[in-house]
Amino acid sequence: MLAGDYGRSTRKAMEILTALGTIYAADRMVPVASVQIAGVSFDNLGEAGLDFLSEMAAGGGQVCALTTLNPAGMDIENWEALGIDADFAHNQQRVIEAYAKMGVVTTCSCTPYLFGNLPHFGEHIAWAESSAVCYANSILGARTNREGGPSALAAALTGRTPRYGLHLDENRRPGLTVQIEAALNGTRDFGALGVAVGRAIEARKEKAIPFLRGIPAATVDQLKSLCASIATYGGLALFHMEGITPESARFSPPDETLVIGQGDLDEAICSLDASLAGGEVDFVSLGCPHLSLSEIQRVAALLQGKRVRKTFWITTARPTKRIADQMGYTAVIEAAGAVFAVDTCCVVAPIKGRFKALATDSAKACYYAAAKNGFATRFLPFDEVIEEALK
Ligand code: F3S
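Residues numbered from 1 in each chain as written. Predicted model: local features only at pLDDT ≥ 70, side-chain atom pairs only at ≥ 80, totals over all residues. Heavy atoms only, no water.

> Where do I start with the pairing of strand β7 (residues 176-181) in this structure?
Every other side chain in a regular strand lies on the same face of the sheet, so the side chains alternate between the two faces. Strand direction decides the pairing type here: β7 and strand β8 (residues 210-213), joined by four bridges, are parallel. From the neighbouring strand, Gln179 faces β8, where its bridge partner is Arg213. The β-α-β motif built from β7, the intervening helix α6 (residues 186-202) and the parallel element β8 has right-handed crossover chirality. (Pairing = 2+ DSSP bridges. Helix = DSSP H or I, 4+ residues; strand = E, 2+ residues; numbered from the N terminus. Right-handed = clockwise from strand over helix to strand, strands pointing away.)

> Explain the domain arrangement of the protein chain here, please?
Interface size is commonly expressed as the accessible area that is lost once the parts come together. In terms of domain boundaries, the protein chain breaks down into domain 1 (8-169), domain 2 (173-272) and domain 3 (283-390). The gap between the C-alpha centroids of domain 2 and domain 3 is 25 Å. Contact with domain 2, which involves 14 residues of that partner, is made by 18 residues of domain 3. A buried area of about 1200 Å², summed over both sides, lies between domain 2 and domain 3, and 60% of it is on carbon and sulfur atoms. Area buried by domain 2 at its contact with domain 3 is led by Arg188, Lys224 and Leu272, which between them contribute 46% of it. Counting across the domain 2 and domain 3 interface gives one salt bridge. Here Lys224 makes a salt bridge to Glu295, at a shortest N to O gap of 2.8 Å. Breaking the side of domain 2 that touches domain 3 down by element, the ones donating at least two residues are α6, α7 (220-234) and α8 (262-273). The dominant element in the side of domain 2 that touches domain 3, judged by the number of residues it contributes, is α7, at seven residues. Residue classes in the side of domain 2 that touches domain 3 are distributed as six nonpolar, five polar and three charged. (Domains from an automatic or database assignment. Contact = heavy atoms within 4.5 Å. Buried area = accessible area lost by both parts, 1.4 Å probe. Salt bridge = Lys/Arg side-chain N within 4 Å of Asp/Glu carboxyl O. Nonpolar A, V, L, I, M, F, W, Y, C, P; charged D, E, K, R; others polar.)

> I keep staring at the sheet that holds strand β15 (residues 376-379) and nothing clicks. Help me out?
The strands that make up a sheet pair up through hydrogen bonds in the backbone, lying either parallel or antiparallel. Read from one edge to the other, the open sheet built from five strands follows the order β13-β12-β11-β14-β15, with strand pairing classed as parallel. Only two strands of the sheet have a single partner each, and these edge strands are β13 (339-342) and β15. Looking at each pair of strands side by side, their axes are set apart by 25 degrees on average, direction ignored. Relative to strand β12 (residues 311-316), strand β11 (residues 283-291) is paired through five bridges, and the arrangement is parallel. Looking at the pairing, Ser285 lines up with Trp313 of β12. In this fold helix α13 (residues 382-390) packs onto β11, β12, β14 (357-360) and β15, with an angle of close to 145 degrees to the strand it touches most, β11. (Axes fitted to C-alpha atoms, helices over the stretch in contact; angles between N-to-C directions.)

> I'm lost on the packing of helix α1 (residues 8-23) against helix α2 (residues 42-58) in this one. Help?
Where α1 contacts α2, the axes come no closer than 7 Å and their chain directions differ by 125 degrees. Classified by the angle their axes make, α1 and α2 are oblique. In this structure, α1 uses Arg8, Ser9, Lys12, Ala13 and Ile16 to contact α2, whose residues at the interface are Phe52, Glu55, Met56 and Ala58. In terms of residue class, the contact of α1 with α2 is made up of five nonpolar, one polar and three charged. (Parallel < 35°, antiparallel > 145°, perpendicular 65-115°, else oblique.)

> Just to check I follow, could you spell out the site of the ligand for this structure?
Residues in contact with the ligand, as listed here, are Pro71, Cys110, Glu129, Ser131, Gly287, Cys288, Pro289, Cys345, Val347 and Lys364. Per element, the largest residue contribution to the shell around the ligand is three residues, and it comes from β11. Of the residues assigned to the shell around the ligand, the class counts are six nonpolar, two polar and two charged. Residues from two domains meet in the shell around the ligand; each of domain 1 (8-169) and domain 3 (283-390) gives at least three. (Near = heavy atom within 4 Å.)

> Mind showing me how you'd approach the packing of aromatic side chains here?
When we look at a pair of aromatic rings, we describe it by the centre distance and by the angle of the planes. Throughout the structure, instances matching the rule amount to nine aromatic pairs. A ring pair is formed by Tyr233 and Tyr367, whose centres lie 5.5 Å apart and whose planes are at 80 degrees; its orientation type is edge-to-face. In this pair, Tyr233 is assigned in helix α7 and Tyr367 in helix α12 (residues 363-371), connecting sequence segments 134 residues apart. Under the relative-accessibility criterion, Tyr367 is labelled partly exposed at 36%. Through pairs of rings, three or more aromatic residues link up here, namely Phe283, Trp313, Phe355 and Phe375. (Phe/Tyr/Trp six-rings, centres within 6.5 Å; stacked < 30°, edge-to-face > 60°. Buried < 20%, exposed > 50% of the residue type's maximum accessible area, 1.4 Å probe, protein only.)

Listed below in structure tokens is the structure:
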């Protein structure tokens, strides 16, 4: 590949991977079972990113492993309804076309594990989106570093990634026991747990992989919320959860222990809710990470026969939306005035300046709503987010 026998894009891709492997002292490359690429929204990529992708596509690059995309800056099929301008839409389409030309599955979602890009225990993969990386490592027990856009694309075009970091057993060991002594009810609370644990880990001199104890059960939706939050607030790509995550049985709880109590959870919730300061919510969004089918079912049940009074985005993946269409959930949700924002989300879409305050159940969405778009935030339980849209 390096010699150019497979074309100039594959050579460029292997140059990126060998450079990374050299920096991190990898002993060899490993084949990857799947790839997930971030850096899809034109809002983040800009012209320079689009030029790089166009160049790789023109150079004959073709993916060698199942590869899916992170959310784009708009709903690919329904961008006008979201108020996206035509120039942006044109550039976003060029990004998607470049990926399609290389054989990438152009389903744009941060939850690829919900619809077919589902690695299993111990498989090496190269994923980029931080919440999905955390989910793949922690919940599925697959192995990936947090790739950047170019290194994930390089892994896709070569089917390889350098073996270092979280691909190695010794780097997956927990370094800190976190004892949870708080009630966790629903996605908002699991997001708040990610805030509390993430901030505590960030505050330490040395980062440690946490071994969470005291959580009796967790659903897929709650776990995806926790993964998004702990990755955002603690920069973590892996945690273990006793009795729940597959690798937790391999380890004993580390001696050093941190206790997270109800007060810590309440503080985390308040810290994301305080920024509203009495203002009016004018934007409501569920689906960070992208909503699962069961979450959409719940939204439909709560909106049945009602009418929302605020802009309300339901963000999810195209395949999930198609099942929602088939089941009649979409019709109920749209009849209530909520809008599906498929392939995108309230963070990567170019909506700065359009709203003042966001209500959501996602700690990650709160972080970026404030940091990227300057929105105030309300951080509410799932059902209350829907109530907020109806007020
Ligand atoms: Fe996914 Fe967008 Fe949230 S990419 S995790 S919905 S910020």
